[in-house]
Amino acid sequence: MTKLFEHAVERVRTLPPELQDEYARVLLRLAGDEGDEPVHQLGREEKASLATSRAQAARGEFATDEEVRAVWAKHGL
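In this text the structure is predicted, and so the values were computed from the model without any measurement.

**Student:** Looking at this model, I keep getting lost on a nonpolar patch on the surface. Mind explaining?
**Tutor:** There is a patch of nonpolar side chains on the surface, built from Met-1, Phe-5 and Leu-27 and spanning about 320 Å² of accessible area. Among the secondary structure elements, Phe-5 is positioned in helix H1 (residues 3–13). Looking at Phe-5, the relative accessible area reads 35%, which means it is partly exposed.

**Student:** Can you walk me through the layout of surface pockets in this structure?
**Tutor:** Over the atoms, a rolled probe matching the size of one water molecule traces out where space is still vacant. By volume, the largest pocket amounts to about 240 Å³. Taken together, Phe-5, Ala-8, Val-9, Val-12, Arg-13, Gln-20, Tyr-23, Ala-24, Val-26, Leu-27 and Leu-30 make up the lining of the largest pocket. Breaking the lining of the largest pocket down by element, the ones donating at least two residues are H1 and helix H2 (17–30). Top contributing element to the lining of the largest pocket by residue count: H2, with 6 residues.

**Student:** Can you walk me through the environment of Gln-41 in this structure?
**Tutor:** Within the secondary structure, Gln-41 sits in the loop between H2 and helix H3 (44–58). Overall, Gln-41 belongs to the exposed group, its relative accessible area being 62%. For the pair Gln-41 and Ala-70, spaced 29 residues apart in sequence, the C-alpha to C-alpha distance is 32 Å.

Definitions and limits used
- Residues numbered from 1 in each chain as written.
- Predicted model: local features only at pLDDT ≥ 70, side-chain atom pairs only at ≥ 80, totals over all residues.
- Heavy atoms only, no water.
- Patch = residues over 30% accessible without salt bridge, like charges linked within 9 Å, V, L, I, M, F, W, Y side chains within 5 Å.
- Areas by Shrake-Rupley, 256 points an atom, 1.4 Å probe, with all protein chains shown as cover.
- Salt bridge = Lys/Arg side-chain N within 4 Å of Asp/Glu carboxyl O.
- Helix = DSSP H or I, 4+ residues; strand = E, 2+ residues; numbered from the N terminus.
- Buried < 20%, exposed > 50% of the residue type's maximum accessible area, 1.4 Å probe, protein only.
- 1 Å grid on protein atoms, 1.4 Å probe; cavity = no way out; pocket = protein on both sides within 12 Å on 5 of 7 lines; lining within 4 Å.
- Points joined across faces, edges and corners; volume = space filled by probe spheres on them.

Shown next as structure tokens:
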């Protein structure tokens, strides 16, 4: 184990147990071990929405700065 990894483990040990578990899940996913949690499968509507978004991005169709500001203002951001 590298010193950096040891330092990270020591730091995570100081966190509350629920956060330790969350960090452990992230680390396991990064290492390619999904554990007992199934990978989320996109539904038909989610796949269609993603395909639409990718096509728009490929065409360079992005929100303008003004459109982004309007959404932020709508949600109080």
